Amino acid sequence: MKHYIDLLYEIPLFQNINKTDMDSMLTCLKPYGRFYKKGNYITHAGDNINSIGVVLSGTVQMLKEDVWGNTAILAIIPEKEIFGETFVCSRSYNSTVSFRAAGDCEILFLSFDKILHSCTKACQFHHRLIDNMVTQIALKNMQLMEKVEIISKKTLREKILVYLSRQAQQSKKLHFTVPMGRMELADYLGADRSALSRELSRMKEEGLIDYHKSTFRLYQSLEH
């Protein structure tokens, strides 16, 4: 795992862990990496999850699927963020959602028990790692709250505007690229793809936005 070390320093979960401790951490946690092609499932709903995934490259989708095969995208997990922590932290382990590679991606898996419980060596990095994990869980909860805010809007236009506003705020500019194509964005917003395309076209005609594929530009205030 040593070839991952330079990248690990950039991941929030490992923030403020000394370089001298990184080798010891990898030895203690015994992580392993796997590569997934676009569209491949990392885990399915119903699977037992006992490890936390760290996205080293690419993007992961959190999906909710019903018995009729309908799929809703609950969250997008970008590079350097974690997923699966909800189920291992709750000790239920049984996942109620699926995780799928939105594009080719590489995932680092870490045992939650090894993160949460200090080993017999009493490694110094464990306390920092636990603090970082709590912070990441809190941030993930905030992201899910934003999703609730978006889908609670009454009209499709309102949902689009809130979503684009959040993306603009995160990128700190009015011209940005969203991490989803049209079909994925429609699923995320809980809308029909054709209805989404029509509404985006109307908003473009009215001078609210401009776009090309997944790149958007807002022409009004970020607050709607």
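Here the structure is a predicted model, which means the values were calculated and not measured.

Novice: It is not clear to me how the sheet that holds strand S1 (residues 32-36) should be interpreted in this structure. Could you clarify?
Specialist: Whether parallel or antiparallel, the strands of a sheet pair through hydrogen bonds between backbone atoms. Ordered by their spatial adjacency, 4 strands build an open sheet running S1-S8-S3-S6, and the pairing between neighbours is antiparallel. In the strand order of this sheet, the two ends are held by S1 and strand S6 (82-83), each with one partner. Sheet topology note: the strand S3 (residues 51-57)/S6 ladder contains 2 bridges and is antiparallel. Of the residues in S6, the one forming a bridge with Val 54 is Ile 82.

Novice: What should I look at first to understand the pattern of salt bridges in this one?
Specialist: Two side chains that carry opposite charge are able to pair once their charged atoms sit near each other. Counted by the stated rule, this structure contains 8 salt bridges. The shortest N-O distance in the salt bridge between Glu 85 and Lys 140 comes to 3.3 Å. Linking Glu 85 in helix H3 (residues 85-90) with Lys 140 in helix H5 (residues 125-151), this pair joins segments that are 55 residues apart in sequence. Judged on exposure class, the residue Glu 85 and its partner Lys 140 are both buried. A salt bridge links Arg 166 to Glu 149, with the shortest nitrogen-to-oxygen separation between them at 2.9 Å. Here the residue Arg 166 occupies a position in helix H6 (residues 156-171), and Glu 149 occupies one in helix H5, the gap between them amounting to 17 residues.

How each quantity is defined
- Residues numbered from 1 in each chain as written.
- Predicted model: local features only at pLDDT ≥ 70, side-chain atom pairs only at ≥ 80, totals over all residues.
- Heavy atoms only, no water.
- Pairing = 2+ DSSP bridges.
- Helix = DSSP H or I, 4+ residues; strand = E, 2+ residues; numbered from the N terminus.
- Salt bridge = Lys/Arg side-chain N within 4 Å of Asp/Glu carboxyl O.
- Buried < 20%, exposed > 50% of the residue type's maximum accessible area, 1.4 Å probe, protein only.

This is a description of form; function is not addressed.
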